[in-house]
Amino acid sequence: MERDEIRVAVLRMEGTNCEDETVKAFRSVGVEAESVHVKQFYSDMIRFEEQRSIFDYHCLVFPGGFSAGDYIRAGAIFSARVKSALRKDIEEFIKMGYPILGICNGFQVLVELGALPGFDEDRPVSDKPEMALAINDSSRFECRPTLLKKESKKCVFTRKVNKNTVMFPVAHAEGKVTFPSGKEDEYVERLLSNDQIVFRYVDDKGNYAGYPWNPNGSYFNIAGICNATHTVFGLMPHPERAFFGYQVGKREGYGDGYCIFRSVIDYLEKL
Amino acid sequence: MIKNTFWSMNWIVELQVFQYRLIFKVDVQEFIMIADVYIELKEGVADPEGEATLKALRLLGFKRVKKVASVKVFRIDIEARSKEEAEKEIAEMCEKLLANPVIQKYSIVWRE
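Residues numbered from 1 in each chain as written. Chains lettered and ligands numbered in written order. Predicted model: local features only at pLDDT ≥ 70, side-chain atom pairs only at ≥ 80, totals over all residues.

**Student:** Please clarify how the overall build of chain B should be interpreted in this entry.
**Tutor:** Tallying secondary structure elements over chain B gives three helices and three strands in all. Along the chain direction, N to C, the helices and strands of chain B fall in the order α-β-α-β-α-β. Relative to its full complement of 112 residues, chain B shows a buried share of 10%. (Helix = DSSP H or I, 4+ residues; strand = E, 2+ residues; numbered from the N terminus. Buried ≥ 20, exposed ≤ 12 C-beta atoms within 10 Å, placed from the backbone.)

Below is the structure:
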């Protein structure tokens, strides 16, 4: 696929607020991107020229924000809307090998949707969530830079990340990766054996460390994971907030987030 | 002349068909019931919200407080034939949206 053929949809809803940065990041790497309201995919109250299908696009992004005001649980209402109207399409989309990215609230949506950890390749969207993003141990909204160590070699979103540790900012109150109690080690083992753990929080020396380096108390310091096919990726930190150099205190060039967007475009070009 | 026009007119004979409809009236009453659905954290799951509240209460001088747990309640008005039927439906709601089974459990309390 040529780069200018690639179309990216950033799904928005009432309460998402990072769609513009995400669209800008994708446009800056030379692909066509637009923010699409989720109802444009299924509602019949939409004008013809604004109706969309998931298969118009080659990559879907669930952006950060506070979809539906984080009522019930963060991401629960967004995922319920997606699941009721678009479940089959999303499953097909994943099976076709197209990538899906979830940033922050988007990660919460993918987890609530059952697309992550996504162990079953034949059923990429499970009936019930298999993990949870619980309230931070600090019980606060954690908003600051974090250091992440790249763990996965296969995830299509991090193939171009050459550095060992990258800096992305976090901004969330519910981001503590939690597995069913008593089965934590079993889940981590399974994730490790599939190479599904993508980023883990580390300190400035590159060692796995607790709070404040791990902002939320995540189990096994997990910051981001992908599914079994390595094409669906969710992470709590915001790569789009470290995309341009000026966002991270550099006069020119790009920040660490650039590699994430570049990697997925690279993957799509080869598809 | 007159005869001619008389016969050229189209006469439509309407057949009246009487339709007999049998209407069975089944008396099934649906009631509106009100349920309080409690969403709690499972045992062993950390509750930072409760702990922070406990800390703040202690600071305010309520030294006898031993534990605070955060619980979310949804009050649901539901129309159903029986409580069993409604409970089944509410359980489905909890599994699909209101609770995340990994960290939360739910219970239903009926309001009179």
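Still more to cover.
**Student:** Looking at this structure, how should I read the overall build of chain A?
**Tutor:** Looking only at helices and strands, one finds five helices and 11 strands in chain A. If you line up chain A on its principal axes, its C-alpha atoms span 55 × 45 × 35 Å. Looking at chain A as a whole, 53% of its 271 residues are labelled buried. For chain A, contacts bridging at least 24 residues in sequence account for 73% of all contacts bridging at least 6. (Contact = placed C-beta atoms within 7 Å.)

**Student:** Sorry, what's going on with helix 5 (residues 258–270) of chain A here?
**Tutor:** Turn by turn, an α-helix covers 3.6 residues, leaving residues three or four places apart pointing in a common direction. Counted at 1.5 Å a residue, the expected span for helix 5 of chain A with its 13 residues is 18 Å, and the 19 Å between its end C-alpha atoms agrees. Of the residues making up helix 5 of chain A, those classed as buried are Y258, C259, I260, F261, S263, V264, I265, Y267 and L268 of chain A. (Expected span 1.5 Å × (residues − 1).)

**Student:** Any chance you could explain the interface of chain A and chain B here in plain terms?
**Tutor:** Size of an interface, as often reported, equals the accessible area lost when the parts are brought together. Listed per partner, the contact involves 18 residues of chain A and 16 residues of chain B. Among the secondary structure elements, those contributing two or more residues to the side of chain A that touches chain B are helix 2 (76–95) and strand 5 (132–135) of chain A.

**Student:** Honestly, the confidence of the model for chain B in this entry has me stumped. Any pointers?
**Tutor:** Do not read the predicted coordinates in detail wherever pLDDT is low. Summing up the model confidence of chain B, the mean pLDDT is 84 and the portion of residues at 70 or higher is 76%. This complex was scored by the predictor with a pTM of 0.89 and an ipTM of 0.85. (pLDDT = per-residue confidence, 0-100.)

**Student:** Looking at this model, I keep getting lost on the environment of V109 of chain B. Mind explaining?
**Tutor:** All names here are of chain B. Residue placement: V109 occurs in strand 3 (residues 104–111). Judged by local crowding, V109 falls into the exposed class, with 10 C-beta atoms found within 10 Å. C-alpha separation for the pair V109 and Y38, spaced 71 residues apart in sequence, amounts to 7.8 Å. Contacts of V109, omitting those with residues within four sequence positions, involve D36 and Y38.

**Student:** How do you make sense of the pairing of strand 2 (residues 32–37) of chain A when you look at a structure like this?
**Tutor:** Two faces make up the sheet, and in a regular strand the side chains alternate between them. All names here are of chain A. Where strand 1 (residues 7–12) meets strand 2, six bridges bridge the pair, whose relative direction is parallel. Along strand 2, the bridge assignment pairs A9 with E34. Assessed by its sense of winding, the connection that carries the chain from strand 1 through helix 1 (residues 19–28) to strand 2 is right-handed. (Pairing = 2+ DSSP bridges. Right-handed = clockwise from strand over helix to strand, strands pointing away.)

**Student:** Can you walk me through the sheet that holds strand 9 (residues 197–202) of chain A in this structure?
**Tutor:** Backbone hydrogen bonds hold the strands of a sheet together, and the pairing may be parallel or antiparallel. Residues and elements named next belong to chain A. Spatially, 2-1-3-4-11-10-9-6-7 is the arrangement adopted by the nine strands of the open sheet, whose pairing is mixed. For this open sheet the edge positions go to strand 2 and strand 7 (165–172), each flanked by a neighbour on one side alone. Adjacent strand axes in the sheet meet at a mean angle of 25° when their direction is disregarded. Bridge count for strand 6 (residues 142–150) against strand 7 is eight bridges, and the pairing is antiparallel. (Axes fitted to C-alpha atoms, helices over the stretch in contact; angles between N-to-C directions.)

**Student:** Would you explain helix 1 of chain A in this entry?
**Tutor:** Residue and element names in this part refer to chain A. Taken together, the buried positions of helix 1 are E19, E21, T22, V23, A25 and F26. Looking at the buried positions of helix 1, the neighbouring elements they touch are strand 1, strand 2, strand 3 (59–62), strand 4 (100–103) and helix 5. Of the residues trailing helix 1, G30 is marked for its positive phi of about 90°.

**Student:** I'm lost on the nonpolar core in this one. Help?
**Tutor:** Among soluble globular proteins, nonpolar side chains are generally buried collectively. Counting residues in hydrophobic clusters, the biggest one holds 90 residues, and the most contacted among them are V8, L11, V61, L110 and V264 of chain A. If near-sequence neighbours (up to four positions away) are discounted, V8 of chain A is found in contact with F26, V31, E32, A33, Y57, H58, C59 and V61 of chain A. Within the second largest apolar cluster, six residues are counted, among which are A86, I90, C94 and L98 of chain B. (Core = buried A, V, L, I, M, F, W, Y, C linked by C-beta atoms within 7 Å.)

**Student:** In this structure, what is going on with the sheet that holds strand 1 (residues 31–41) of chain B? I would like to understand it.
**Tutor:** Residues and elements named next belong to chain B. If you walk across this open sheet you meet the three strands as 2-1-3, and the pairing is antiparallel. Looking at which strands have only one partner, the edges of the open sheet turn out to be strand 2 (72–80) and strand 3. Direction aside, the axes of adjacent strands within the sheet are offset by 30° on average. With nine bridges joining them, strand 1 and strand 2 adopt antiparallel strand pairing. If you follow I32 over to strand 2, its bridge partner there is E79.

**Student:** Hey, could you run me through the environment of D185 of chain A in this one?
**Tutor:** All names here are of chain A. With respect to the secondary-structure elements, D185 resides in helix 4 (residues 184–193). D185 sits in the exposed class, given 11 other C-beta atoms within 10 Å. Distance in space between the C-alpha atoms of D185 and N227 is 18 Å, their sequence separation being 42 residues.

**Student:** Help me understand the packing of helix 2 of chain A against helix 3 (residues 105–113) of chain A, please; the structure alone is not making it clear to me.
**Tutor:** Relative placement of two packed helices is described by the angle separating their axes and the distance separating the axes. Residues and elements named next belong to chain A. For the pair helix 2 and helix 3, interaxial distance at closest approach is 8 Å and the crossing angle is 55°. In terms of axis orientation, helix 2 runs oblique to helix 3. In this structure, the crossing between helix 2 and helix 3 has a hand that is right-handed. For the pair formed by helix 2 and helix 3, the contact residues are A76, F78, S79, V82 and K83 on the first element and V109, E112 and L113 on the second. Of the residues belonging to the contact of helix 2 with helix 3, the class tally is five nonpolar, one polar and two charged. (Parallel < 35°, antiparallel > 145°, perpendicular 65-115°, else oblique. Left-handed = near helix turned anticlockwise from the far one by under 90°. Nonpolar A, V, L, I, M, F, W, Y, C, P; charged D, E, K, R; others polar.)

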